[in-house]
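Here is how the chains run, residue by residue.
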Amino acid sequence: MSLRLDRLPIKAALWVALAAFALALPFIVLLAGERASGRSVLWDFSMGLGFGALAAAGLQFVLTARFQPITRPYGIDIVYLFHRYFAIGAVALMLGHFGILYIWFQPELGDLNPLTARWELTMGRVALASFVLLVITSELRKTLHLPYGLWRYGHVILAVIAFGSAVTHILGVGHFTGEADKRILWLGVAVSWAGLLVWTRLVRPFRLWRNPWRIVENIPREGGVHSLVLEPKGEGLKNWKPGQFVWLTLGASPFALKEHPFTISTPPEHGPQVTLSIKPLGDFSAWAARTRPGAKAYLDGPFGAFSVDNDPDAEGFVMIAGGVGITPMISNIHALDARGDQRRVILIYATKDMDTAHFRDELEELEKRLNLHLVHVPENPPAGWEGESGFIDRELLERHLPEETHQWPHFLCGPGPLTDAAKSHLRAMGVPLAAIDAEIFDLV
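Here's what I pulled together on the structure shown here.

1. Overview of the nonpolar core
Judged by nonpolar contacts, the single largest core of 35 residues is most densely connected at L54, F61, M94, L101, F131, L134 and F163. Listing elements by their share of this core, those giving two or more residues are helix 2 (41-63), helix 4 (76-104), helix 6 (119-139), helix 7 (148-173) and helix 8 (180-209). Tallying contributions element by element places helix 2 first for this core, with 11 residues. With 24 residues, the next largest nonpolar core counts A314, I330, F359 and L363 among its residues.

Here you go:
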């Protein structure tokens, strides 16, 4: 995975600077003025870790709120990946804060028994335990076999408990918060956090509820994929680019936490209808693939920056896909077709076998109309197969990607091992990092 450094650099840098300021603000306000007497540098360092952890934790609500101005410069997959690792970092800071106090300032911790401990200290421990559980259940969700819906509800509940307990802990303990301006800071933090919850759990779902969609077709395709064709009963998608995706809610109210991201496999030129091509790999996708025409749906989006529209001056495009990772590629190729764009496209498509090659017939038709070079790479080729087979390695890439293509935009989408290997081979061939755009295959 790589972030295209040439994509909206000014806006991207501004958001990074704003996030850095948000993290620094607690220190600017709380450490202003005279330092409390009788406290060591180690004590202050522990307090700093605690304040930094809470600032980092509060930023997580912004990162997952799906604000278009924030996600557009990077792509929401990059924002969610940042959220993931930043959350781990926040928990590490919290553990450092608690660990220093436990080892060197244990009397300050008081009784660890929640039945007899001071309430404000118990709130801090509740916050720490909740944040640790958040990270563990997220990182090990598949290992623990947690259903996505159950994990999603638990994630929201734990996040609310964790952040609310942390703010209560800081205000209750009173270190660095006794002055009015510093209490105003934490009041502002609490109000902002509450505002984000209202936006994500009430305002945005209400807007979706007022603009429902309807499924008009469920089309079975090669390899077990089902294409759901949806039409808006109100407004269609705004500022839609090929290769983007939406969060889909089926049947249930948009206020319920039953949504999942799917790539739009048709281009904006075929709108206002959208087509979501879904392979039943999990509980939600299996249910979605069985949905019948007439069902109500809600779409939140579009999101993502995996689009040929971001490179209008490119001489051509290299696309490397694996399995259902072909979906954003087919959307971008359809957009080129709809526009009569004859720039060269080299598509290398790896699958288990030819029976699992999604959109196979569609791609062959597009190859006839476009300047498209299609390379199927089945791991298990059929009898008599004369094309490429096995895995995508450097030798295969060098056979199909001459040096003149190295400066073209390279789109990678598929299972992590495939995209990681392809990226490594491309870099070894001399393809600049800025020319490689790998979309995260497993977003949630």
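Having seen it, we continue.
2. Brief notes about the pattern of salt bridges
Summed over the entire model, instances satisfying the criterion amount to 17 salt bridges. With a shortest N-O distance of 3.7 Å, D300 and R204 are connected by a salt bridge. One end of the pair, D300, is in strand 6 (residues 296-303); the other, R204, is in helix 8, and 96 residues separate them in sequence. For D300, a relative accessible area of 9% gives the class buried.

3. Side note on the sheet that holds strand 7 (residues 316-322)
Here 5 strands make up an open sheet; going across it, the order is 9-8-7-10-11 and the pairing parallel. One side of each edge strand has no neighbouring strand; the edge strands of this open sheet are strand 9 (372-378) and strand 11 (436-439). The sheet shows a mean angle of 15° between the axes of neighbouring strands, direction not considered. Two elements, strand 7 and strand 10 (residues 410-413), share 4 bridges in a ladder whose sense is parallel. Its bridge partner lying in strand 10, M319 is registered against F411.

4. Quick look at helix 11 (residues 360-369)
Within the span of helix 11, buried status applies to R360, L363 and L366. For helix 11, the angular spread of the buried residues around the axis is 120°, confining them to a single face. In this structure, the buried side of helix 11 is in contact with helix 10 (327-338), strand 8 (344-351) and strand 9.

About the criteria used
- Residues numbered from 1 in each chain as written.
- Predicted model: local features only at pLDDT ≥ 70, side-chain atom pairs only at ≥ 80, totals over all residues.
- Heavy atoms only, no water.
- Core = buried A, V, L, I, M, F, W, Y, C linked by side-chain atoms within 4.5 Å.
- Buried < 20%, exposed > 50% of the residue type's maximum accessible area, 1.4 Å probe, protein only.
- Helix = DSSP H or I, 4+ residues; strand = E, 2+ residues; numbered from the N terminus.
- Salt bridge = Lys/Arg side-chain N within 4 Å of Asp/Glu carboxyl O.
- Pairing = 2+ DSSP bridges.
- Axes fitted to C-alpha atoms, helices over the stretch in contact; angles between N-to-C directions.
- Arc of directions from axis to C-beta.
- Contact = heavy atoms within 4.5 Å.

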